[in-house]
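# Structural overview
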Amino acid sequence: MQKLSEAQAKEYWKRNRSLMIRLMAIWFIVSFGFGIIGVDLLNTVQVGGYKLGFWFAQQGSIFVFIGLIFYYVVAMARLDREFGVEED
Amino acid sequence: MDLATTTYIVVGFTFLIYIGIAIAARAGDTREFYVAGGGVHPIANGMATAADWMSAASFISMAGLIGISYNGYGGSVFLMGWTGGYVILAMLLAPYLRKYGKFTVPEFIGDRYYSDTARVVAVICLILCSVTYVIGQMKGIGVAFSRFLETDYETGLYTGMVIVFFYAVLGGMKGITYTQIAQYVVLILAYTIPAIFISLQLTGNPIPQLGLGSTLVGSDTFLLDKLDQVLAETGFKEYTTSVRLSQVNMFAYTASLMIGTAGLPHVIIRFFTVPKVRDARKSAGWALIFIAILYTTAPAVAAMARLNIMQTIEPAPGQNLVIDQRPQWFKTWEQTGLLAIEDKNGDGRLQYVADPQRNELVKLDNDILVLANPEIARLPNWIIALVAAGGLAAALSTAAGLLLAISSAISHDLLKSTFYPTISEQMERNASRGAMALAVFGAGYLGLNPPGFAAGTVALAFGLAAASIFPALMMGIFSSRVTREGAVAGMVVGLGVTLFYVFQHKGIMFVADWRFLPGLAPNWFFGIEPNAFGCIGAAINFAVAMGVTSLTREPPERVRNLVQEIRIPAGMPSAPSDH
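Glancing now at the overall build of chain B. When you go through chain B residue by residue, the secondary structure sums to 22 helices and two strands. The globule rule puts the C-alpha radius of gyration for 579 residues at 25 Å, and the 24 Å found for chain B is close to it. Here chain B, with 579 residues, has 59% of them falling under the buried criterion. Taking the intrachain contacts of chain B between residues at least 6 apart in sequence as the baseline, contacts between residues at least 24 apart amount to 81%.

Below is the structure:
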């Protein structure tokens, strides 16, 4: 297990944070954005029996949440390996 | 075999499983007692977290809240709010708290904010939100027993107390983890099987998530369109678009539930049980998958059961149900008081309309949707029995997790870390068991003598967790500058403001006579209802903490090192050399 220099530790945290910010932006858009703020607009689109805004509010956002977490798991595992900080 | 016997057999069988697991997995040492030895597989922990998290409210009440009280779209606040919090947990809290690697949430707050005061304040916040939450579970247990097993409410509650006491006290976190896994299996089967049947009956599609977007059997009309139309004819708002109070309120409500979810200690401590930081991330994802199975089914149950009820009462416009010919399940549930009818216009038929003057379905409890669903869909007795077992599993699993969070805060944070540091490990565990016993009886007492506030309690727990614990944890990880004075002031003010807003409205401790400042209009703060106020409390917490931090001396170097250390999964950053 190697020790990170201060600069490396900073870089690791910066990359983690920018990944988080991007994923949390999607998190915000699918729930608050599609499900609440823009729901009327999206409801003009019909997918099967669902109004799209209603679908995001009651189903879609939840599926996206799952995808976001697992994307984060994979991306962070890659980042951990790159900086040599993964656990054995 | 009659329903009561079947129910006794099914519920009794599940209880035997829980007790068997508790005996097999009892905790041997302190690490097993608090964090199940730290060796729980991330998928297993995901499942346990799902059961820990999904309470009697999720299982019994949520579909009805969506389908009846919040009239469809408005109920989305629960669906998004109670799942979106896991994204916050997975990215912003769980991995770092796991890296920190100790036993409790107040322990982290005490260490990070280098202060016994901060730790004790965190313990108080934890106990406030966990106790309010556990009362709801105890009530759920009593209600499930009395409705399905035809015992009285008290007997049901006592039985529930004994079962929880037995496996939580004996098994600690280790016993709780493995019983929660079994309880997840029971509750998810109990929820999805009736949903599959009702979806098949209405839409021909066995997957409720797809059935909700399908056409009705034997017609070209989509289920949701039909529901919108039926509700419009009876004067209700449209199901797919009716907002809860206002968009601002829905935004705040969803945000509060998300932040509150991420700040609930009994959920957070589940992530201390996995071996590694990356397991904590993974585990949050698995937890959300297991939760989503129920949470994406719930809106289908809500819409389908609502449509079923509307159409039972008025199969075609004007052809209302003759009251004397009402189905058996009506009569069954009238006896429990969850359903009541009153033939106001004396025509011998039942009218269910939005206008309260003319509405003859004078009582339709939210819990009916899930509890009576199998009977409405004419499913066999064993499925009804399974629903009873599922409701109990949901309440028991959450109650156990909460009791552990409460007792470990008392034995570990108050005794071991603050007031009695020389306590031995054995004594600490016994103290924890004692605290748990007290908590069980305290919660049981409040479940038996609900001081008028039982109905509002679970929602309050989210507000409190959002306004007090979540900001302290997040700032503790994402800033190495926030000081103990800042954190303590933030928690106290966040908690205080939230309690003020809720109690001003609903009365102190929800006693209606104890409302204060009656001159203020309901929901006076931007139209936000009290249950949705947690995110405002959280924002105030952040602001106060930042403000006070800028006026106080910066944290010692060891604290800054701790913050650097928890951000990296393995190893430590080398100590900064430039000062």
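Right, let's talk about the overall build of chain A for a bit. Each helix and strand in chain A was counted, giving three helices and two strands. Against the compact-globule benchmark of 12 Å for 88 residues, chain A has a radius of gyration of 18 Å, which places it well outside the compact range. In terms of overall dimensions, chain A has C-alpha extents of about 55 × 25 × 15 Å along its principal axes. When burial is assessed residue by residue, chain A has 39% of its 88 residues classed as buried. At a minimum sequence separation of 6, the contacts of chain A that also span at least 24 residues come to 53%.

Counting through the fold element by element, B:Leu223 comes out in helix α10 (residues 223-233). Apart from residues lying up to four places away in sequence, B:Leu223 is in contact with A:Gly49, B:Leu202, B:Thr203, B:Leu212, B:Ser214, B:Thr215, B:Leu216, B:Ala303 and B:Leu307.

All names here are of chain B. The N-to-C vectors of α10 and helix α13 (residues 277-313) enclose an angle of 45°; their axes lie 10 Å apart at closest approach. In terms of their interaxial angle, α10 and α13 are classed as oblique. Like other packed secondary-structure pairs, α10 and α13 cross with a definite hand, here left-handed. Of the residues in α13, those touching α10 at Leu223, Leu224, Lys226, Leu227 and Val230 are Ala303, Arg306, Leu307 and Met310.

Bringing the nonpolar core into the picture now. B:Ala122, B:Val164, B:Leu187 and B:Leu403 are the most contacted members of the largest nonpolar core, which has 231 residues in total. When residues in this core are grouped by element, the largest group, 22 residues, is from helix α8 (residues 153-203) of chain B. Apart from the residues within four sequence positions on either side, B:Leu187 is in contact with B:Ala51, B:Met54, B:Phe59, B:Gly390, B:Ala393 and B:Ala394. Residues A:Ala9, A:Tyr12, A:Phe83 and B:Ile568 belong to the second largest nonpolar core, which totals six residues.

Reports often express the size of an interface as the amount of accessible area lost when the parts come together. Opposite the 42 residues of chain A that make contact, chain B presents 47 residues. Looking at the side of chain A that touches chain B, the element that brings in the most residues is helix α3 (residues 52-82) of chain A, giving 16 residues. When grouped by side-chain class, the residues that make up the side of chain A that touches chain B number 26 nonpolar, ten polar and six charged.

With that out of the way, let us pick up the confidence of the model for chain B. Here chain B shows a mean pLDDT of 90. Residues at 70 or above account for 95%. For this predicted complex, the interface confidence score (ipTM) comes to 0.96, while the overall pTM stands at 0.94.

All names here are of chain B. Each assigned domain of chain B is listed here: domain 1 (3-20 + 31-307 + 383-451) and domain 2 (310-376). The centre of domain 1, based on its C-alpha atoms, is set 31 Å off from the matching centre of domain 2. Counting residues at the interface gives 25 residues for domain 1, matched by 19 residues for domain 2. Listed by contribution, the elements that provide at least two residues to the side of domain 1 that touches domain 2 are α4 (56-69), α8, α10, α13 and α17 (381-419). Considering every element that reaches the side of domain 1 that touches domain 2, the biggest residue donor is α4, with nine residues.

On to unusual backbone geometry. Of all residues except glycine, most have a negative phi; of all peptide bonds, most are trans. Residues and elements named next belong to chain B. Although it is not a glycine, Ala36 adopts a positive phi angle of roughly 55°. Positive phi, close to 55°, is recorded for Arg378, a residue that is not glycine. Checked against the element boundaries, Arg378 lands in the loop between α16 (373-376) and α17. Arg378 sits in the exposed class, given 11 other C-beta atoms within 10 Å.

This part takes up α8(B). All names here are of chain B. For α8, built from 51 residues, the straight-helix expectation of 75 Å at 1.5 Å per residue is missed by more than 12%, its first-to-last C-alpha distance being only 37 Å. Of all the bends in α8, the greatest, near 125°, is centred on Gly172. Positive phi appears at Gly204, one or two residues downstream of α8, with a value of about 80°.

A few words on helix α18 (residues 425-448) of chain B. Residue and element names in this part refer to chain B. Under the 1.5 Å per step criterion, the end-to-end length of α18 is 34 Å for 24 residues, consistent within 8% with the ideal 34 Å. Along α18, the positions that sit buried rather than exposed are Arg429, Ser432, Ala435, Met436, Ala439, Val440, Ala443, Gly444, Leu446 and Gly447. Contact partners of the buried residues in α18: α2 (30-35), α7 (116-148), α8 and α17.

Once that is clear, we can look at the packing of α4(B) against α13(B). Residue and element names in this part refer to chain B. Where α4 meets α13, the closest approach of the two axes is 8 Å, and the angle between their N-to-C directions is 50°. It follows from the interaxial angle that α4 and α13 lie oblique. You can see that α4 and α13 cross each other, and the crossing is right-handed. Of the residues in α13, those touching α4 at Ser58, Met62, Ala63, Ile66, Gly67 and Ile68 are Leu294, Ala298, Pro299, Val301, Ala302, Ala303, Ala305 and Arg306.

Cut-offs applied
- Residues numbered from 1 in each chain as written.
- Chains lettered and ligands numbered in written order.
- Predicted model: local features only at pLDDT ≥ 70, side-chain atom pairs only at ≥ 80, totals over all residues.
- Helix = DSSP H or I, 4+ residues; strand = E, 2+ residues; numbered from the N terminus.
- Rg over C-alpha atoms; globule rule 2.2 N^0.38 Å.
- Buried ≥ 20, exposed ≤ 12 C-beta atoms within 10 Å, placed from the backbone.
- Contact = placed C-beta atoms within 7 Å.
- Axes fitted to C-alpha atoms, helices over the stretch in contact; angles between N-to-C directions.
- Parallel < 35°, antiparallel > 145°, perpendicular 65-115°, else oblique.
- Left-handed = near helix turned anticlockwise from the far one by under 90°.
- Core = buried A, V, L, I, M, F, W, Y, C linked by C-beta atoms within 7 Å.
- Nonpolar A, V, L, I, M, F, W, Y, C, P; charged D, E, K, R; others polar.
- pLDDT = per-residue confidence, 0-100.
- Domains from an automatic or database assignment.
- Expected span 1.5 Å × (residues − 1).
- Bend = angle between axes of the 7 residues up to and from the residue.

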